[in-house]
Number of protein chains: 2
Amino acid sequence: MKAHILVVDDDPRITDLLRRVLAYEGYSVAIAVSGNEALNRSLERPPDLVVLDIMLPGLNGLEVAQRLRAAGDNVPILMLTARDAVADRVKGLETGADDYLVKPFAPDELVARVKALLRRSQEERHEVLRYADVELDTGTRVAHRGTREIELSPTEYELLQLLMKRPRQVLTREIILDRVWGMDFEGSSNVMEVYIGYLRNKLEAEGEPRLIHTVRGVGYVFKE
Amino acid sequence: MKAHILVVDDDPRITDLLRRVLAYEGYSVAIAVSGNEALNRSLERPPDLVVLDIMLPGLNGLEVAQRLRAAGDNVPILMLTARDAVADRVKGLETGADDYLVKPFAPDELVARVKALLRRSQEERHEVLRYADVELDTGTRVAHRGTREIELSPTEYELLQLLMKRPRQVLTREIILDRVWGMDFEGSSNVMEVYIGYLRNKLEAEGEPRLIHTVRGVGYVFKE
DNA sequence: GTTCCGTCTCAGGTTGATCTCAGTATCGCT
DNA sequence: AGCGATACTGAGATCAACCTGAGACGGAAC
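Trainee: What exactly am I supposed to notice about the overall build of chain A here?
Mentor: From N to C terminus, chain A includes 8 helices and 12 strands. If you line up chain A on its principal axes, its C-alpha atoms span 65 × 40 × 30 Å. Within chain A, buried positions represent 49% of all 224 residues. Considering only intrachain contacts with a sequence separation of at least 6, the fraction spanning at least 24 residues in chain A is 55%. On chain A, roughly 10,900 Å² of surface is accessible, and the fraction owed to carbon and sulfur atoms is 49%. The average position of the 31 basic charges and that of the 37 acidic charges among the side chains of chain A differ by 2 Å.

Right under this line is the structure:
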């Protein structure tokens, strides 16, 4: 649903500004203040885009970009560079950044670039999630169980994608509600249960074994 | 065959610099010092890329870009903007520029961007898109369904081309609005729906099966 | 000027996704 | 086994998304 953006900078003025601006645009935002923290957060919750300052304590921005790419991550990266550090910009683009912005920048411009990058990556990044005999193609948004094709509504798709991105791992109800419905509290609704039901119906329509398992009092897991 | 680049700027220092640098890289270079001259030269010899200053006597850069796009020309445009004219940059990207560079810039950087843009656009030219019993010739801009010839207005063409370039893949409304109409927000217009309707009418005029499918809440797909 | 064409807006109708609710089933515990 | 808490299910109401036809508007061609 809403894209997740990781902002990496050690200047609190920048991170505060970006958190506000990006949250206002409807993105969910994570902050890291060092290169190492950035890599960790990126593992915890893989972002859809990274805003990365070049000047960082410890591991610098170029190195972070390199590590991400080396690990096979092709998340779009927007680099922030100091004014006049032209050589850096060029190097940044070569190292795997997808765009850069010169500090100081106008929030409007950052937002425009972020949107453009997300659009581009959304177009190019069609991956196929697989587990057991289930496939989910993020390009066509169609699922398969064995050879059977399964059409999904937007919400069903979001939910299945979330579960399949972390197979064998239990996702709590709080996390699911937040990621799929953007609710940050557990209110008195049972939408999630209803949609789990929809997915189970579709995935087990021909009597196949259950893949979405309930973990009572906690959440759900996708596993055999 | 070396690419032809049109440089539009009224500052002789800039045009001289660019002529030298680009010629050194093996491009053929034309110069225009006003918006009107740019449009004329563009007719005389259609360039493979335009480097366009925003501040121009007479017709300004944004207007030139708009005219080119309105005439159906999708030549890549690299905008030059004065430092700090942030609003212009944003507007530039919205108006149909493909990239921009802030003055003053390093020649190396300009060359890098020019190369990137040319590479991108080269992948996109003169071909015949085919899917199922539909053909779209990007040279003549005419479509066929089976043996029936279908004429398309400029907007219809853009839309169909976008869909046919990625058959079976779901294109989000956001992406479509951006690529075809240059809107970077989802406003309260339903042009896109109207044009989807036009295309469907033309493609299914003789009762053929539907190829443009709606993906509710997401966008559209071109598939059987 | 008139006509034509392409584009876009608007309003009304239709469909399909989403959510709520109430009743039922299941689980884990004593 | 029996109980309370938790999860599932089916049916239907609600609401947003989408489609369509008619027409306004502007620019280009005649």
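Having seen it, we continue.
Trainee: Please clarify how the packing of aromatic side chains should be interpreted in this entry.
Mentor: All names here are of chain A. Taken as a whole, this structure holds 6 aromatic pairs over all chains when the rule is applied. Relative to tyrosine 198, the ring of tyrosine 195 has its centre 4.9 Å away and its plane inclined at 75°; by these criteria the two rings are edge-to-face. Of this pair, tyrosine 195 and tyrosine 198 are both found in helix 8 (residues 191–203), 3 residues apart, which corresponds to roughly one turn of the helix. Overall, the relative accessible area of 19% leaves tyrosine 195 in the buried class.

Trainee: Mind showing me how you'd approach the sheet that holds strand 11 (residues 212–215) of chain A here?
Mentor: Strand pairing in a sheet relies on backbone hydrogen bonds, with the paired strands running either antiparallel or parallel. All names here are of chain A. Read across the sheet, 3 strands follow the order 10-12-11 without closing on themselves; strand pairing throughout is antiparallel. Sheet topology places strand 10 (171–172) and strand 11 at the edges, where each strand pairs with a single neighbour. The sheet contact formed by strand 11 and strand 12 (residues 219–222) spans 4 bridges and is antiparallel. If you follow isoleucine 212 over to strand 12, its bridge partner there is phenylalanine 222. The strands touched by helix 8 are strand 11 and strand 12; relative to strand 11, the strand with the most contacts, the crossing angle is about 145°.

Trainee: What am I meant to see in the protein's contact with DNA strand C here?
Mentor: DNA strand C sits among 22 residues. The nearest are Ser153 and Thr155 of chain A together with Ser153, Thr155 and Tyr198 of chain B. Across the atoms of DNA strand C situated within 4 Å of the protein, the share located in sugar and phosphate is 62%. Between a phosphate oxygen of DNA strand C and a side-chain N or O atom of serine 189 of chain A, the distance comes to 2.8 Å. Tyrosine 195 of chain B is positioned such that a nitrogen or oxygen atom in its side chain is 2.8 Å from a sugar or linking oxygen of DNA strand C. Those elements that provide at least two residues to the surface near DNA strand C are helix 6 (154–165) and helix 8 of chain A together with helix 6 (154–165) and helix 8 (191–203) of chain B. Taken together, the residues that form the surface near DNA strand C break down as 12 nonpolar, 8 polar and 2 charged.

Trainee: In this structure, what is going on with the environment of glycine 217 of chain A? I would like to understand it.
Mentor: Residues and elements named next belong to chain A. Within the secondary structure layout, glycine 217 lies in the loop between strand 11 and strand 12. Owing to a relative accessible area of 78%, glycine 217 belongs among the exposed residues under this scheme. Sequence-wise, glycine 217 and arginine 173 are 44 residues apart; in three dimensions their C-alpha atoms are separated by 8.7 Å.

Trainee: Could you clarify how one ought to interpret the pairing of strand 3 (residues 49–53) of chain B in this entry?
Mentor: Residues and elements named next belong to chain B. For strand 3, the buried fraction is high: 5 of the 5 residues fall into the buried class. As defined by bridge partners, strand 1 (residues 4–8) adjoins strand 3 across 4 bridges and the pair is classed as parallel. Counted as the bridge partner of valine 8 is leucine 52 from strand 3.

Trainee: Explain the sheet that holds strand 6 (residues 128–131) of chain A to me, please; I cannot follow it from the model alone.
Mentor: Residues and elements named next belong to chain A. Read across the sheet, 4 strands follow the order 6-7-8-9 without closing on themselves; strand pairing throughout is antiparallel. For this open sheet the edge positions go to strand 6 and strand 9 (148–151), each flanked by a neighbour on one side alone. Ignoring which end each strand starts from, the neighbouring axes of this sheet average 20° apart. Direction of pairing for strand 6 relative to strand 7 (residues 134–137): antiparallel, over a ladder of 4 bridges. Bridged to arginine 130 within strand 7 is glutamate 135. Against the sheet, helix 6 engages strand 6, strand 7, strand 8 (142–145) and strand 9, with an angle of about 120° to strand 7. On top of the sheet, helix 8 reaches strand 7, strand 8 and strand 9; it is set at about 160° to strand 9, its chief contact.

Trainee: What exactly am I supposed to notice about the pattern of salt bridges here?
Mentor: Once their charged atoms are close, side chains differing in charge can pair, the charge on each being opposite to the other. A complete count under the given rule lists 26 salt bridges over all chains for this structure. The closest approach of N and O atoms between lysine 115 of chain B and glutamate 25 of chain B, which form a salt bridge, is 3.5 Å. One end of the pair, lysine 115 of chain B, is in helix 5 (residues 107–122); the other, glutamate 25 of chain B, is in the loop between helix 1 (12–24) and strand 2 (28–32), and 90 residues separate them in sequence. Here lysine 115 of chain B falls in the partly exposed class, since its relative accessible area comes to 36%. For glutamate 135 of chain B, the salt bridge goes to arginine 130 of chain B, with nearest N and O atoms at 2.7 Å. Glutamate 135 of chain B gets classed as partly exposed once you look at its relative accessible area, which sits at 31%. Each of Glu37, Arg41 and Glu44 of chain A takes part in a single network of salt bridges with overlapping partners.

Trainee: Is there a simple way to explain the side chain of arginine 166 of chain A in this structure?
Mentor: Residue and element names in this part refer to chain A. Among the secondary structure elements, arginine 166 is positioned in the loop between helix 6 and strand 10. A distance of 2.8 Å separates the side chain of arginine 166 from the backbone oxygen of glutamate 44, its partner in a polar contact. Sequence-distant contacts of arginine 166, defined by excluding residues within four places in its chain, comprise Glu44, Arg45, Pro46 and Leu171.

Trainee: Explain the protein's contact with DNA strand D to me, please; I cannot follow it from the model alone.
Mentor: Around DNA strand D, the structure places 20 residues, and the nearest of them are Arg200 and Thr214 of chain A together with Arg173, Arg200 and Thr214 of chain B. Of all atoms in DNA strand D that approach within 4 Å of the protein, 76% are sugar or phosphate atoms. Contact distances for DNA strand D include 2.4 Å between a phosphate oxygen and a side-chain N or O atom of threonine 214 of chain A. For the surface near DNA strand D, the element with the most residues is helix 8 of chain A, which contributes 4 residues. Considered class by class, the residues forming the surface near DNA strand D number 5 nonpolar, 7 polar and 8 charged.

Cut-off values and rules
Residues numbered from 1 in each chain as written. Chains lettered and ligands numbered in written order. Predicted model: local features only at pLDDT ≥ 70, side-chain atom pairs only at ≥ 80, totals over all residues. Heavy atoms only, no water. Helix = DSSP H or I, 4+ residues; strand = E, 2+ residues; numbered from the N terminus. Buried < 20%, exposed > 50% of the residue type's maximum accessible area, 1.4 Å probe, protein only. Contact = heavy atoms within 4.5 Å. Areas by Shrake-Rupley, 256 points an atom, 1.4 Å probe, with all protein chains shown as cover. Lys, Arg positive; Asp, Glu negative; His and termini not counted. Charge placed at Lys NZ, Arg CZ, Asp CG, Glu CD. Phe/Tyr/Trp six-rings, centres within 6.5 Å; stacked < 30°, edge-to-face > 60°. Pairing = 2+ DSSP bridges. Axes fitted to C-alpha atoms, helices over the stretch in contact; angles between N-to-C directions. Near = heavy atom within 4 Å. Polar contact = N/O pair within 3.5 Å; in protein donor to acceptor, adjacent residues only side chain to side chain. Nonpolar A, V, L, I, M, F, W, Y, C, P; charged D, E, K, R; others polar. Salt bridge = Lys/Arg side-chain N within 4 Å of Asp/Glu carboxyl O.

Take it as geometry only, folks, not as evidence of what the structure does.
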